[in-house]
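# Residue-level structural notes
The residues making up each chain are set out below.
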Amino acid sequence: MVLWTIRSTRRAIINRLNRSILRAVHRFQLRLDRYKLVSKRTVRDKLMIDRAIRDAMQEHCRERGVSEMDARVRVEHYIDEIVPFFHVLSYYKIGYNISRAVIRLLYQVSSEYQDRKALDTLPRNDVVLYLMNHRSNADYIVAAYVLAHGVSISYAVGEWARVWPLEYVFKSFGAYFVRRGFHDSLYHTVLERYVQLITKHGVTQGIFLEGGLTKTGMMCPPRVGLLDYSVRTILDPDFTGDIWLVPVAINYDRVLEDRSLIMELLPDHERPGRLRQMTTVLHYLFFNTVRLLTGNLKRYGRVAVNFGTPISLKNWTAQNPDALRLPREERLPKLQQLAGRVMDRIADIMPVTPVPLVAAALLSFGATVVQKHALLELLDQYRDHLRLTGAKLVQKDRAAEVILDRAWLTLRMRRLVVREGENFVIQPAQRPLLEYYANSVVHLLPKGNLEMTMIPAAERDISLQHLGDAERTPLT
């Protein structure tokens, strides 16, 4: 009787979970990558018999003078570390609801497609790689949230997330872990073959081409390690589809880690100590928790995501025959060109939100004090230029006054700029932070010198702090 009860309860729980999974799939109209549901043990077994991994194990034994069993144990450890265990309910019931609550609490969210029809008509048997710029650790959540009604993304996650309970949570979301800067050819062979295995079976992935968070606000040069692993799947004779590279641009009115990122540009002796940094984080969490509980927490402005026109890898390989078959030293420069092309597209569709636009306008005067009427006039010029060039200005029909008002809410809250009558006064010590935001959109704005209204405080101030002259493009 007890055994029957246990079995009945187990069947009831399983049936309930299965019904919940089906409801989630239907609710989100989800394109579910079936290979994500394959057990971790099955993936492990496939990798353990993979020819490339076995050859790498033999090479590892010769180089290190270890036994085959030691190499096998090491490979099993790498596989256990890398391979996730995706669960639909974890992703869509827990992850999605938490991300929706957090994102809506902190930001207004908008998304736009440069060519929605091209994305909607991609063959179902083909593989899609979303290639993104990287401004915040929140990018993972924002992109997954925006794409939730249609597809779930697998990310490569750095070692920062390998702590309990983050490791368990990320793996249940389908994220796989990557050791950055780890020099072990055996490890990289295991990682490469895993990435190619999931790519071959159609798993949709998100890759941050910059390889790390931008510290200046400008996009960093692309790093093509994971891209190399993924795109070389097309060489597999059993893979008959195409791989589509989709540029994705993300921008914020406020990046949560902005001050910490800028501080990384400082020399070691000028950076605050760990205790002070921890105190700042705890202070931030405490006061924002109080604001949340008292109903006084204000949003940080807007986060915007834009999707570009997909690029066919088959078309690229037709134009660059045998490029992917070249030795690594010759192949990577070719892939750098491809990644550079994607980064250019990301730059072209970068969302222009109010704070970066107003920051660029304020800094273009090069002065401590900027008159409101001059700022509004420049914002009008910027808005018209962005419309004319087809740039992705968020809420492009808004007047310059409205754009300034929306940006002012964030600038005032963060004490970056103060207002005195009809003048805006840049806090000199906060200029690097304004520059960080302006750098994300300055490439889309018109170049040229301004005709300034010369008042004493409006003269160009060359003493203002900068984000780092060696690491930035001068603002006009």
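Above this text is the structure in question.
Here the structure is a predicted model, which is why all the values come from computation and not from measurement.

### So, the packing of aromatic side chains
- The final tally for this structure, using the stated rule, is 14 aromatic pairs.
- Seen from their ring centres, tyrosine 78 and tyrosine 187 are 5.1 Å apart, and the 80° between their planes marks the pair as edge-to-face. You can see tyrosine 78 sitting in helix H4 (residues 68-82) and its partner tyrosine 187 sitting in helix H9 (residues 185-200), a full 109 residues away along the chain.
- For tyrosine 78, a relative accessible area of 1% puts it in the buried group.
- Considering the side-chain rings of tyrosine 130 and phenylalanine 307, the 6.1 Å spacing of their centres and the 75° angle between planes classify their relative orientation as edge-to-face. With tyrosine 130 in strand E2 (residues 127-132) and phenylalanine 307 in strand E7 (residues 302-307), this pair connects stretches of sequence that are 177 residues apart.
- Ring pairs connect the aromatic residues Tyr78, Phe182 and Tyr187, which therefore count as one cluster.

### Concerning the sheet that holds strand E11 (residues 423-426)
- Overall, antiparallel pairing links the three strands, which are arranged E9-E11-E10 in an open sheet. Two strands lie at the open edges of the sheet, namely strand E9 (369-371) and strand E10 (417-420), each paired on one side alone. Each strand of the sheet is rotated relative to its neighbour by a mean of 30°, with strand direction disregarded.
- Sitting on the sheet, helix H16 (residues 372-389) touches E9, E10 and E11, and the angle it makes with E9 is about 70°.

### Points about the nonpolar core
- Ranked by size, the top nonpolar core spans 140 residues in total, and within it Tyr130, Tyr176 and Leu411 carry the most contacts.
- If we ignore the near neighbours within four places in the chain, the residues touching leucine 411 are Val355, Val358, Leu362, Leu416, Val417 and Leu434.

### What to know about the packing of H4 against H9
- For the pair H4 and H9, interaxial distance at closest approach is 10 Å and the crossing angle is 45°. The angle between H4 and H9 places the two elements in the oblique class. Our pair here, H4 against H9, has a crossing hand that is right-handed. For the pair H4 and H9, contact is made by Ala71, Arg74, Val75, Tyr78, Ile79, Glu81 and Ile82 and by Leu186, Tyr187, Val190, Leu191 and Tyr194, respectively.
- When its residues are assigned to classes, the contact of H4 with H9 shows ten nonpolar, no polar and two charged.

### Re helix H18 (residues 431-438)
- Across the eight residues of H18, eight count as buried, placing the element largely inside the fold.
- Taken residue by residue, H18 has Arg431, Pro432, Leu433, Leu434, Glu435, Tyr436, Tyr437 and Ala438 as its buried positions.
- The elements touched by buried residues of H18 are strand E6 (243-252), helix H11 (258-263), helix H15 (354-364), helix H17 (400-413), E10 and E11.

### Here's the deal with the pattern of salt bridges
- Evaluation of the coordinates by the stated rule reveals 23 salt bridges.
- Note that aspartate 45 is salt-bridged to arginine 44, the shortest N-O span being 2.9 Å.
- A relative accessible area of 35% places aspartate 45 in the partly exposed class.
- One continuous salt-bridge network, built from bridges that share partners, spans Arg44, Asp45, Arg72 and Glu76.

### Looking at unusual backbone geometry
- Of note in the backbone geometry, aspartate 322 takes a positive phi value of approximately 65° without being a glycine.
- Checked against the element boundaries, aspartate 322 lands in the loop between helix H13 (313-319) and helix H14 (328-348).
- Notably, arginine 415 is not glycine yet its phi reads approximately 60°, a positive angle.
- Tracing the backbone shows arginine 415 in the loop between H17 and E10.
- When its relative accessible area of 62% is taken as the criterion, arginine 415 is described as exposed.

### Looking at the pairing of E7
- Counting buried residues in E7 gives six out of six residues, a clear majority hidden from the surface.
- Of the two faces of E7, the one carrying Arg302, Ala304 and Asn306 and the one carrying Val303, Val305 and Phe307 are both buried.
- Note that strand E1 (residues 108-113) and E7 share six bridges and pair parallel. Along E7, the bridge assignment pairs valine 109 with valine 303.
- Direction of pairing for E6 relative to E7: antiparallel, over a ladder of five bridges. Paired with isoleucine 250 across the bridge in E7 is valine 305.

### Notes on the packing of helix H2 (residues 40-48) against H9
- Running from amino to carboxyl end, H2 crosses H9 at an angle of 120°, the nearest separation of the two axes being 11 Å. When the interaxial angle is binned, H2 and H9 end up oblique. The handedness of the crossing between H2 and H9 comes out as right-handed. Two secondary-structure elements touch here, H2 through Val43, Lys46 and Leu47 and H9 through Arg193, Tyr194 and Leu197.
- Along the lines of polarity and charge, the residues of the contact of H2 with H9 split into four nonpolar, no polar and two charged.

### Observations concerning the pairing of E6
- Across the ten residues of E6, ten count as buried, placing the element largely inside the fold.
- Residues Ile243, Leu245, Pro247, Ala249 and Asn251 line one face of E6 and the alternating positions Trp244, Val246, Val248, Ile250 and Tyr252 line the opposite face, and both faces are buried.

Conventions adopted
- Residues numbered from 1 in each chain as written.
- Predicted model: local features only at pLDDT ≥ 70, side-chain atom pairs only at ≥ 80, totals over all residues.
- Heavy atoms only, no water.
- Phe/Tyr/Trp six-rings, centres within 6.5 Å; stacked < 30°, edge-to-face > 60°.
- Helix = DSSP H or I, 4+ residues; strand = E, 2+ residues; numbered from the N terminus.
- Buried < 20%, exposed > 50% of the residue type's maximum accessible area, 1.4 Å probe, protein only.
- Pairing = 2+ DSSP bridges.
- Axes fitted to C-alpha atoms, helices over the stretch in contact; angles between N-to-C directions.
- Contact = heavy atoms within 4.5 Å.
- Core = buried A, V, L, I, M, F, W, Y, C linked by side-chain atoms within 4.5 Å.
- Parallel < 35°, antiparallel > 145°, perpendicular 65-115°, else oblique.
- Left-handed = near helix turned anticlockwise from the far one by under 90°.
- Nonpolar A, V, L, I, M, F, W, Y, C, P; charged D, E, K, R; others polar.
- Salt bridge = Lys/Arg side-chain N within 4 Å of Asp/Glu carboxyl O.

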